Amino acid sequence: MCKIQFVNKLNFPDEWLKWGMYPDDLFRIQLQDYEPGTESSSEHYRYGAFQWWLHQPLTTEIINQYIDLTYLDPDEGMGEAARNDLARRLG
């Protein structure tokens, strides 16, 4: 499965790819952990993508895109949790 198919299957907003926030390294990690049939719990993959970014060097642009992506996510509660994680990371 290619990266575009993967993010579509798991309900990632299109902006993840448009903004370069879903790099190949992250895709490879998530594809290895992917199990067919887990699409109904796709928020776990998206939350994992947010968590991945919290372990990367964060520029102002990445922080702003991260925040925007949390608001674009179809799971509002998970988006809020990701924003809270970012706030803790930034201290």
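**Q** What exactly am I supposed to notice about the nonpolar core here?
**A** Across soluble globular proteins, you tend to see nonpolar side chains buried next to one another. Core analysis: the largest hydrophobic core is formed by 24 residues, its most contacted members being Phe12, Trp16, Tyr22 and Tyr66. Of all the secondary structure elements, the ones that give two or more residues to this core are helix 1 (3-9), helix 3 (24-33), helix 4 (43-53), helix 5 (60-72) and helix 6 (76-90). Counting residues per element, this core draws most heavily on helix 4, which supplies five residues. Among residues more than four places away in sequence, those in contact with Trp16 are Met21, Tyr22, Arg46, Ala49, Phe50, Trp53 and Leu69.

**Q** Where do I start with helix 4 in this structure?
**A** Spacing of three or four residues puts side chains on the same side of an α-helix, whose turn is 3.6 residues. Among all positions in helix 4, only Tyr45, Arg46, Ala49, Phe50, Trp52 and Trp53 are buried. Within helix 4, the buried residues cover an arc of 160° as seen down the axis, which keeps them to one side. The inward-facing, buried residues of helix 4 abut helix 1, helix 2 (15-18), helix 3, helix 5 and helix 6.

**Q** I'm lost on the side chain of Asp85 in this one. Help?
**A** When you line up the elements, Asp85 lands in helix 6. Here Asp85 falls in the buried class, since its relative accessible area comes to 12%. Look past the residues within four positions of Asp85 in its chain and what remains in contact with it is Tyr47, Gln51, Leu54 and Tyr66.

Definitions and cut-offs
- Residues numbered from 1 in each chain as written.
- Predicted model: local features only at pLDDT ≥ 70, side-chain atom pairs only at ≥ 80, totals over all residues.
- Heavy atoms only, no water.
- Core = buried A, V, L, I, M, F, W, Y, C linked by side-chain atoms within 4.5 Å.
- Buried < 20%, exposed > 50% of the residue type's maximum accessible area, 1.4 Å probe, protein only.
- Helix = DSSP H or I, 4+ residues; strand = E, 2+ residues; numbered from the N terminus.
- Contact = heavy atoms within 4.5 Å.
- Arc of directions from axis to C-beta.

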